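Inside the fold
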Amino acid sequence: MTGVKLLFTHDTECGLTAASALVNTDGATGDGLPDITALDRFVVTHRFTGRHEHTEVELRAVRALRPRLRRLWDDDLDTVVAVVNDLLQEYRALPQLIRHDDQPYHVHAVPRDAPLATRMAVEAAMAVADLVRGDELDRLRHCARPECANVLVDLSKNRSRRFCEAGCGNRVAVSAYRARKAARRP
């Protein structure tokens, strides 16, 4: 990402993106984490490092985290703060600056050998804490396509992102195009 100016720190953006993606795996059309292989892909896609057990127990723990994280999108500021504080307290988060692999210093609040679901929860909570502190919680949004239940993080500078990454923006544009075309027919 050389030369790209981030709105937030790299670890905050990664935490927010991974949290929204995790919430969206609990979709109306089915479970996006149906098995350990899907969880393995999720871990690689979102570049989670550290302990990963590849077990059913771990998969269940990650799935159980999704409704708690969805509350970060669904609730008012005070409730979001309570959820963040509960997650940080439950997992005994102790923020520290860490450097590993090819990453610059960033914040980890639990050890790298903590369970995967613990690291996911704390990284999401730390990232949302940054949004709250910066009065940027409105960047956590629901997809604007009425039929979609996905959430998103608007990391655009002009705060213009309205649709999730499931192709909803294209679907809305195609529907609008077809409606305009139909309206012009005699």
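Residues numbered from 1 in each chain as written. Predicted model: local features only at pLDDT ≥ 70, side-chain atom pairs only at ≥ 80, totals over all residues. Heavy atoms only, no water.

Description of the layout of surface pockets
Here is the rule: Cavity and pocket criteria rest on a 1 Å grid covering protein atoms alone: a 1.4 Å probe that fits but cannot get out defines a cavity, protein on both sides within 12 Å along at least 5 of 7 lines defines an open pocket, and an atom within 4 Å of a point defines a lining residue. Grid points are joined across faces, edges and corners, and a volume is the space filled by probe spheres set on the points. Helix numbering and strand numbering both begin at the N terminus, where a helix is a DSSP run of H or I of at least 4 residues and a strand a DSSP run of E of at least 2. Charged means Asp, Glu, Lys or Arg here, nonpolar means Ala, Val, Leu, Ile, Met, Phe, Trp, Tyr, Cys or Pro, and polar covers whatever is left, Gly included.
Estimates place the volume of the largest pocket at around 750 Å³. Going through the elements one at a time, α1 (10-24), β4 (106-108) and α5 (116-133) are the ones with two or more residues in the lining of the largest pocket. Classifying every residue of the lining of the largest pocket gives 12 nonpolar, 12 polar and eight charged. Its volume calculated, the second largest pocket comes out at about 270 Å³. If you go around the second largest pocket, you meet 14 residues; those closest to its centre are Ser20, Ala21, Asn24, Arg161 and Glu165. Those elements giving two or more residues to the lining of the second largest pocket turn out to be α1 and β6 (151-153).

Side note on helix α3 (residues 56-74)
Using the following cut-off: Helix span, as expected, comes to 1.5 Å for every residue beyond the first. To get the bend at a residue, fit one axis to the 7 residues ending there and another to the 7 starting there, then take the angle between the axes. A simple rule labels every residue: compare its accessible area, found with a 1.4 Å probe on the protein chains alone, to the largest value its type can have, and call it buried under 20%, exposed over 50%, or partly exposed in between.
For α3, built from 19 residues, the straight-helix expectation of 27 Å at 1.5 Å per residue is met to within 8% by its first-to-last C-alpha distance of 28 Å. The sharpest bend along α3 comes to roughly 30°, located at Arg66, with the proline Pro67 sitting one to four residues further on. Looking at α3, one finds that the buried residues are Glu58, Leu59, Val62, Leu65, Arg66, Leu69, Leu72 and Trp73.

Brief notes about the nonpolar core
Stated precisely, the cut-off is as follows: Each nonpolar core is a collection of buried residues, namely Ala, Val, Leu, Ile, Met, Phe, Trp, Tyr and Cys, held together in the definition by side-chain atoms within 4.5 Å. Between two residues, a contact is recorded if the distance between any of their heavy atoms is within 4.5 Å.
With 40 residues, the main nonpolar core has Leu69, Leu72, Met120 and Leu140 as its most contacted residues. Going through the elements one at a time, α1, α2 (36-45), α3, α4 (77-90), α5 and β6 are the ones with two or more residues in this core. Contacts of Met120, omitting those with residues within four sequence positions, involve Leu22, Leu39, Phe42, Phe48, Val62 and Leu65.

Considering the pattern of salt bridges
The line we're drawing: Salt bridge, as used here, is a side-chain nitrogen of Lys or Arg placed within 4 Å of a carboxyl oxygen of Asp or Glu.
Enumeration over the complete set of coordinates arrives at 14 salt bridges. Here Arg51 ties to Glu53 by a salt bridge, and the two come within 2.3 Å at their closest N and O atoms. Judged by its relative accessible area of 37%, Glu53 falls in the partly exposed class. Members of the salt-bridge network, linked through shared partners, are Asp26, Asp31, Arg63 and Arg66.

As far as function goes, none of this settles anything; it's purely spatial.
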